[in-house]
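Chain by chain, the residues:
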Amino acid sequence: MARGKLRIYLGAAPGVGKTYAMLSEAHRRVERGTDCVVAFVEHHGRPRTEVMLHGLEQIRRRELEYRGGTFTEMDVDAVLARRPKVALVDELAHTNVPGSRNLKRWQDVEELLAAGIDVVSTVNIQHLESLGDVVEAITGVRQQETVPDEVVRRADQIELVDMSPEALRRRMAHGNIYQPDKVDAALSNYFRPGNLTALRELALLWVADRVDEYLTEYRSEHRVSRIWGSRERIVVGLTGGPEGRTLIRRAARLAEKGAGGEVLAVYIARSDGLTAASPKELAVQRTLVEDLGGTFHHVVGDDIPAALLDFARGVNATQIVLGSSRRKAWQYMFGPGVGATVARESGPDLDVHIVTHEEAAKGRGLPVARGARLGRARIVSGWVVGLAGPAVLSVLLNTIDIGLANDMLLFLTVVVASALLGGLYPALASAAFGSLLINYFFTTPLHRLTIADPKNIVALVIFFGVAVSVASVVDTAARRTHQAARLRTESEILSFLAGNVLRGETSLEALLERVRETFGMESAVLLERESDVDPWACVGRAGAGPAPKRPEDADVDVPIGDHMALALTGRVLPASDRRVLAAFAAQAAVVLDRRRLREEADQARTLAEGNRIRTALLAAVSHDLRTPLASIKASVSSLRSHDVAWSEEDRAELLEGIEAGADRLDHLVGNLLDMSRLQTGTVTPIIRDIDVDEVVPVALGGVPEQSVELDIPETLPMVAVDAGLLERSVANLVENAVKYSPPERPVLVAASALAGRVEVRVVDRGPGVPDDAKERIFAPFQRYGDAPRGAGVGLGLAVARGFAEAMGGTLTAEDTPGGGLTMVLSLRAAPPRETPGGSQEGAEGPVHPERQAS
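Residues numbered from 1 in each chain as written. Predicted model: local features only at pLDDT ≥ 70, side-chain atom pairs only at ≥ 80, totals over all residues. Heavy atoms only, no water.

Let us look at the nonpolar core. If you look at the biggest cluster of nonpolar residues, it comprises 62 residues, and the most contacted ones within it are Leu88, Leu112, Val147 and Trp206. The greatest single-element share of this core, amounting to six residues, is contributed by helix 9 (residues 193–221). With near-sequence residues (within four places) excluded, leucine 112 lies in contact with Met74, Val76, Val79, Leu80, Ala87, Val89, Ile117 and Val119. (Core = buried A, V, L, I, M, F, W, Y, C linked by side-chain atoms within 4.5 Å. Buried < 20%, exposed > 50% of the residue type's maximum accessible area, 1.4 Å probe, protein only. Helix = DSSP H or I, 4+ residues; strand = E, 2+ residues; numbered from the N terminus. Contact = heavy atoms within 4.5 Å.)

Okay, here's the thing in C-alpha cells:
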C-alpha cells in the first residue's frame, strides 16, 4: 500500500490562520470531488473558523476519562475504518490524554499515513524540537509540547502561513484570537512585537532551509548542472596569499546586499604541483570567513579553474569572487591565468568578480613548480624530439662537415632535450637511435654499421652513457617532484584536520562532510557493529547520496579496527589517497569515542553530584539537625526533673520551645527528604486541575499572620499541578522571603494569568540578590548572606525549583522595584474543559499552545 502524503501548514505564532487555511484547502478539495473528512480540528470558539467546519464531514471524537474530567481526542480507529482520501488533523505537536492510542498526535498521523491516507495538519514553529532552547530564550516560555523536526521535514508539502507582527497584534486586540480578559496580558507578554518578529524570522529561515534542501535534492536527482540563482551564494577563490582577506570582506559585502546571502570560501590544493600557500595565512582567512558568517572549504583539484567551477556549480553558487592575478606581465605568455579561465568558462549563469588588491601584479612570494608530473603532452613531445630530432640533424649535418666531435655534441643536445621533455624512455630511444645514425653516417666506413677506428667506439660509448645518465637524472627529478607535491597536498589536508581537532570541532557529521567534500564523493558513512556476526549500523553520515549498509557495498571502504569502517560512495579513489583517508577514518573513530566518553562523563557527573548531595545530607544531619534535637532534649529533661518546681509559665515556655524545635526539625527533615527524592528522580507528581487560591493560603501556615499579604484574583484560571508539591514550593518561597524581609514590610504573594500560564509572585523588600548570584541561590546547600531569623541547610529554594520543574513549571528570581527580591513561580494552566455544547473553556497554556490559535 502506498504511503499517504503529508501537508503541513506552518505558522510563526498562534493566531496567524493555520487552521483557517487548512479548512479552506479542505473545501477546495471537496469541491473537486475528493473524499475529505475532519479527523480533529479545534476552532477555539472563533466564529470564522467554526463557520469553515460547516459542510465538512467530521469523524466523531473519542472520549477519555482522566483525573475526574472528560477529554476528547482523535479516534484513530474510526478514521482508519472510514478510510478517507484526505484527513484533517489539527495541532500536530499535541500531547494526547493518557489512555490514548499513542502518546503524541504526530504518532497518530504516522499511522494514518502508513495506511495510505493523506493528512493535512498544522504546527507552530515554536513546537519544533530543535528550536526549543531558542524559543525559550526569545519568549521566556519553555514549550512542553514538541514534535521531532524529522517528522516535519518528511512532509511532502510545507506551506508557511505568514502574518506581520502588527497585523497579528491587531487581530489579538480585536478579540479574534483570545477572550477579551486575556488580550492585555497576551499583548504585553508573549505577543510582544519583538517576540513575534523573532518567531517570524525563525519560521521564514526554517522554511527557506527546507526549500534549499528540496532544491538540492531535485538538482541531484535530475542531474541539473546549470546554476539556478534562487539564492545568492558567493564563492571566494583563495590562493593562500594575503589578498584573500580583501576578497572575503568584499564577498561579505556582496552577500549583505541580497537577502539570505551566503559566502563560501574555498581553497583548492593542486595535486599536480607545489603551491605557495601559507598555512598560517589560510588559518587566518578561515577564521575571518567564519567570523563573517561564511564557511571555509578545502578541495583537492588537478585543474584549479575546473575544480573551482565544479565546486561553485555543486553548491548552486551565483557569483565567484577572485583576486587580480599576482603574476607579472611577462608571465602571461605561459597562459591566461585562473581568473581569465574561470571568467571564460563560467557561462551566462555564473557571475565572476575580479577584485583588485595591493598584491596584484607583484609576483608570487615563492615560485610555483610546474610539471610536477610529466603529462601526456610532454611525453609525446619527448618521443617526437627524441626520434625526429636525430633524423633531421643527420640530414642537416650531411650537407656540412663540422667534425665528428661536434656532430656527437649536437646529437647529445637532442638526447638531453628529449629527456627534459619526455623523461627516461624517450631519451634512451633517442640515444640508441642517434648512436646508430652517427655510426652509419659519420664514422668510417660511411654508410655501414661498422667502426674502423677504435677511438670512435670509445666516443660512441661515452655518448650513449652520457645520454642515459642525463635521462635518468631528469626522470628521477620528475618523480621526486611529484612525490613532494603529493606529500605537500596531504600535509595541507592533515594540517586542516589537526586544526579542526584543536579548535574543538568534534561533530562527527561535520568531519564526515569534510571527508566527502575533500575527496569529491557523494556520501560518507561511518559504520559499526558489535561483533563479526552482527549487522552493520550507521553511526554517522554526510551527503545526499545513497548510504551503503555494508562496507563492501561502498566504492571505497577503510576499516577502522575490527568492527568499524568508513564507507564512501561516488567514485573509486586511487590507492595513493587511502593514506589521507585512513587519517580521516581514524579521526572519525576518535570523535565517536569522544562523544561517547562525553555522554559517560555526563552520567558520571550526575552520579558525582548525587554523591555530593548525599555527603552534604550527612553533614546536615550531623550538624544542622543537632541544634533542634539538643533544644528539645534539654526542655524535656527540665520538665522531667524533680529537683525544680516549675511554674505554669515556665512549663508553657518549655513546651513552646519543644514545639518550636520539633517544627524546625520537621521542616529540616522534610527539605532533606525532598531534596533526596529530587536527586534520585523519584518525584512523581500527580497532576490535576486546581485553583491557586485553594493551595497558597494553606502554604502560609508556617509564618506569622501579619507577615504576608495575599493578592490572588478569583478569576484566575485553574492550573495543572500537584497540590502537595505546589504547597511545599510556595511555603519554602514564603518562608525564605519572610526571613529576609523587614518586619514592618510584609511579603506580598500575588498571582496573575499570562499567555496561557499562571504566575505566582512572592515579593519581599529585603536586601535583594545581585544578578550574578540569582542562579546560585537555587543550588542545594547554598545560603546567601545571613539569615536573621533561624538557620537552615540551604535547601528551601532548591526544593522549590525542583518541585516546580517536576510539575512542568519554572522558578526564577527577579529584582523587586524599589529594592528586594521577587520569586516568580510560573505554572501551566489547566487544559480547557469540554462543555456540553462541544466548545472548550478555560485558559490555554504552552502545554497546548495550538489550542490558543491556529
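So, next bit.
To continue, consider the environment of valine 749. Looking at the element boundaries, valine 749 is found in strand 21 (residues 747–754). Between the alpha carbons of valine 749 and isoleucine 712 there is a distance of 7.7 Å; along the sequence they are 37 residues apart. Leaving out residues up to four positions away in the same chain, valine 749 has contacts with Val696, Val708, Glu709, Leu710, Asp711, Ile712, Val734, Val760, Arg761 and Val762.

Attention now goes to the side chain of arginine 801. The residue arginine 801 is located in helix 24 (residues 796–806) in this model. What arginine 801 contacts, discounting residues up to four positions off in sequence, is Glu775, Phe778, Leu811 and Thr812.

Turning our attention to a positive patch on the surface. On the surface, Arg249, Arg250, Arg253 and Lys257 cluster together to form a positively charged patch. By the element assignment, arginine 250 lies in helix 10 (residues 244–256). (Patch = residues over 30% accessible without salt bridge, like charges linked within 9 Å, V, L, I, M, F, W, Y side chains within 5 Å. Areas by Shrake-Rupley, 256 points an atom, 1.4 Å probe, with all protein chains shown as cover. Salt bridge = Lys/Arg side-chain N within 4 Å of Asp/Glu carboxyl O. Lys, Arg positive; Asp, Glu negative; His and termini not counted. Charge placed at Lys NZ, Arg CZ, Asp CG, Glu CD.)

All right, on to the confidence of the model for the protein chain then. For the protein chain, the average pLDDT comes to 78, and 78% of its residues sit at 70 or higher. Here residues 363–372 is a poorly scored stretch, pLDDT under 50, and it has 14 contacts once near neighbours within four places are set aside; other chains count. Segment residues 786–791 is flagged for pLDDT under 50; beyond a separation of four residues in sequence, or across chains, it makes 10 contacts in the model. (pLDDT = per-residue confidence, 0-100.)

As a further point, take the sheet that holds strand 3 (residues 57–58). Hydrogen bonds between backbone atoms are what pair the strands of a sheet, whose relative direction is either parallel or antiparallel. With parallel pairing, six strands are arranged side by side in an open sheet as 3-2-6-7-1-8. Pairing within the sheet leaves two strands with one partner each, and these edge strands are strand 3 and strand 8 (157–161). Of the strands in this sheet, strand 1 (6–11), strand 2 (36–40), strand 6 (86–89) and strand 7 (118–124) touch helix 4 (residues 105–114), which is tilted by about 180° from strand 6. (Pairing = 2+ DSSP bridges. Axes fitted to C-alpha atoms, helices over the stretch in contact; angles between N-to-C directions.)

Bringing the packing of helix 14 (residues 376–397) against helix 15 (residues 404–422) into the picture now. At a minimum axis distance of 7 Å, the contact between helix 14 and helix 15 shows a crossing angle of 165°. In terms of orientation, helix 14 lies roughly antiparallel with respect to helix 15. The hand of the helix 14/helix 15 crossing is right-handed. Contact with helix 14, carried on its side by Arg378, Ile379, Ser381, Gly382, Val385, Gly386, Gly389, Pro390, Leu393, Ser394 and Leu397, involves Asp407, Leu410, Phe411, Val414, Ala417, Ser418, Leu420, Leu421 and Gly422 of helix 15 and no other residues of that element. Of the residues in the contact of helix 14 with helix 15, the class split is 11 nonpolar, seven polar and two charged. (Parallel < 35°, antiparallel > 145°, perpendicular 65-115°, else oblique. Left-handed = near helix turned anticlockwise from the far one by under 90°. Nonpolar A, V, L, I, M, F, W, Y, C, P; charged D, E, K, R; others polar.)

The subject of this paragraph is the sheet that holds strand 15 (residues 537–542). With respect to topology, four strands assemble into an open sheet ordered 15-14-17-16, the strand pairing being antiparallel. Since the sheet does not close on itself, it has two edges, and those belong to strand 15 and strand 16 (556–559), each with one partner. On average, adjacent strands in this sheet sit at an angle of 20° to one another, irrespective of strand direction. In this sheet, strand 15 lies alongside strand 14 (residues 523–528) in antiparallel orientation, the contact comprising five bridges. Within strand 15, the residue paired with valine 525 across the bridge is arginine 541. Lying over the sheet, helix 18 (residues 508–518) contacts strand 14, strand 15 and strand 17 (564–569), oriented at roughly 60° with respect to strand 15.

What follows concerns helix 15. Look at helix 15: 27 Å from first C-alpha to last across 19 residues, which is about the 27 Å you get at 1.5 Å a residue. For helix 15, every residue scored as buried is listed here: Asp407, Met408, Phe411, Leu412, Val414, Val415, Ser418, Ala419 and Gly422. Down the axis, helix 15 shows its buried residues gathered within 155° of arc, on one side only. More than 90 degrees from the buried face of helix 15, the exposed residues found are Ala405, Leu409 and Thr413. Of the residues flanking the end of helix 15, it is glycine 423, one or two places downstream, whose phi is positive at about 95°. (Expected span 1.5 Å × (residues − 1). Arc of directions from axis to C-beta.)

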